[in-house]
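Read off the chains here:
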Amino acid sequence: MRKPKKGQWRLEAAFLAGLILFAIVGAGVERRFAEPASAQDTAVLLPVAMYHSVTDQGESPGEYVISPSMLEKDLQYLSQHGYETVVVGDLVSHVEKGTPLPEKPVMLTFDDGYYNNYCNAYPLLKQYGMQAVLSPVGTLVEQFTETDDPEEHEVWSYCTSGELKEMADSGVMEIQNHSYDFHELSPRRGCLRRSGEDEAAYRSIFMEDTRKAQELFRSIGITEPVCYTYPYGARNAETDALVQECGFVASLSCEEGIACITRDGASLKNIRRYNRDGRISSEQFWQKVLGQLEEVS
């Protein structure tokens, strides 16, 4: 084998060193430009609370009822621990546009549209600079709007169209779809197909119910909902497919667990929530929820 000429070792060594340096620098550049893409895929862990009635009248507190003072303690606890509220629109913007979410996001949801959400929860949310998602039932909105009872009762009354419009316009409450008339357990459980019901007939009923709810909100002057809140959390693969066919990009379930939001739109489907049971204190509830958040972090 021919020996290299004098000085060739140095040339080859320098060339090899250059190749190594280029590889190292190149890898660094590649990592630097790859970071934004990986950052987009980072999961955002989101605790979501599910409230119903907020009153100190009647059988309060209960499994689905908390008092206004308890709600205020919830808001104080979240504020003191650095949490910022988000609504469905924020999640959709994050998924579709990459809009950043707060460092410590939390979502507060109110189901059914009780009048006490307007007279008790709404003022407290405004006071603490927080937002929430409100999912009213269409037929109940119509019923109490037509009645226009000047002596609305905190326990059994529901929000009128004017009250929903006021809350939506304020930016405090984001209105989403909780069905037009599926809020029942019998003979149909929520929006599920009834036993023995023809598939085509059921599909037509579901589509019509959804259409009526969406039209109701549009007639009130509220932005058309993009999220379907399952009545009683009753859902299956069939309802999921129909919800998607109706054009909803998000849905809220009643299954407990921490929601995991990514840039994948699928992460907005069947978002898990924790029922805010009024039989435990604010500290007990949020320590349970945030404790599970730490476990999955």
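Here the structure is a predicted model, which is why all the values come from computation and not from measurement.

### Considering the confidence of the model for the chain
Thinking step 1. With 85% of its residues at a pLDDT of at least 70, the chain reaches an overall mean of 88.
Thinking step 2. Taken together, the stretch residues 1–40 has pLDDT below 50 and engages in two contacts with residues farther than four places along the chain or on a different chain.

### As for helix 7 (residues 199–220)
Thinking step 1. Here helix 7 is 22 residues long and its end C-alpha atoms lie 32 Å apart, about the 32 Å a rise of 1.5 Å per residue gives.
Thinking step 2. Structurally, helix 7 contributes buried residues whose contacts are with strand 7 (132–136), helix 5 (138–147), helix 6 (161–170), strand 8 (173–175), strand 9 (227–229) and helix 8 (237–245).
Thinking step 3. Looking at where helix 7 begins, the residue whose side-chain oxygen comes 3.0 Å from the main-chain nitrogen of Ala200 is Asp198.
Thinking step 4. Backbone geometry just downstream of helix 7 places Gly221 in the positive-phi region, at approximately 95°.

### Section: the nonpolar core
In a soluble, globular protein the nonpolar side chains are often hidden away together inside.
Thinking step 1. Within the largest apolar cluster, 42 residues are counted, with the highest numbers of intra-cluster contacts made by Leu71, Leu108, Phe110, Leu125, Leu164, Met173 and Trp286.
Thinking step 2. Of all the elements, helix 4 (residues 115–127) adds the most residues to this core, at six residues.
Thinking step 3. Those residues within four positions of Leu71 in sequence are excluded, and the remaining contacts are Tyr51, Val54, Ile66, Phe110, Ala121 and Leu124.
Thinking step 4. With 19 residues, the next largest nonpolar core counts Leu46, Val88, Cys227 and Ala259 among its residues.

### Focus on the side chain of Asp277
Thinking step 1. Positionally, Asp277 belongs in the loop between strand 12 (274–275) and helix 9 (282–296).
Thinking step 2. Given a relative accessible area of 16%, Asp277 falls into the buried group.
Thinking step 3. A distance of 2.7 Å separates the side chain of Asp277 from the side chain of Arg279, its partner in a polar contact.

Procedures and definitions
- Residue numbers here run from 1 along each chain, matching the order of that chain's written sequence.
- Selection of residues for local features in this predicted model requires a pLDDT of at least 70, selection of side-chain atom pairs for listing and counting requires 80 or more, and totals for whole chains, interfaces and linings are taken over all residues.
- Side-chain metrics rest on all non-hydrogen atoms present in the structure, leaving aside hydrogens and water.
- The score called pLDDT rates the predictor's confidence residue by residue, from a low of 0 to a high of 100.
- Contacts were defined at the residue level, with two residues in contact if any of their heavy atoms lie within 4.5 Å.
- Only DSSP runs of H or I with at least four residues qualify as helices, and only runs of E with at least two residues qualify as strands; both kinds are numbered from the N terminus onward.
- Multiplying one less than the number of residues by 1.5 Å gives the expected span of a helix.
- Nitrogen and oxygen atoms within 3.5 Å of one another constitute a polar contact, given that in protein one can donate a hydrogen and the other can accept it, and given that sequence-neighbouring residues count only through two side-chain atoms.
- Here, the term nonpolar core denotes a set of buried Ala, Val, Leu, Ile, Met, Phe, Trp, Tyr and Cys residues that are joined through side-chain atoms within 4.5 Å.
- Remark: exposure states derive from per-residue accessible area (1.4 Å probe, protein chains only) relative to the maximum for the residue type, with buried under 20%, exposed over 50%, and partly exposed in between.

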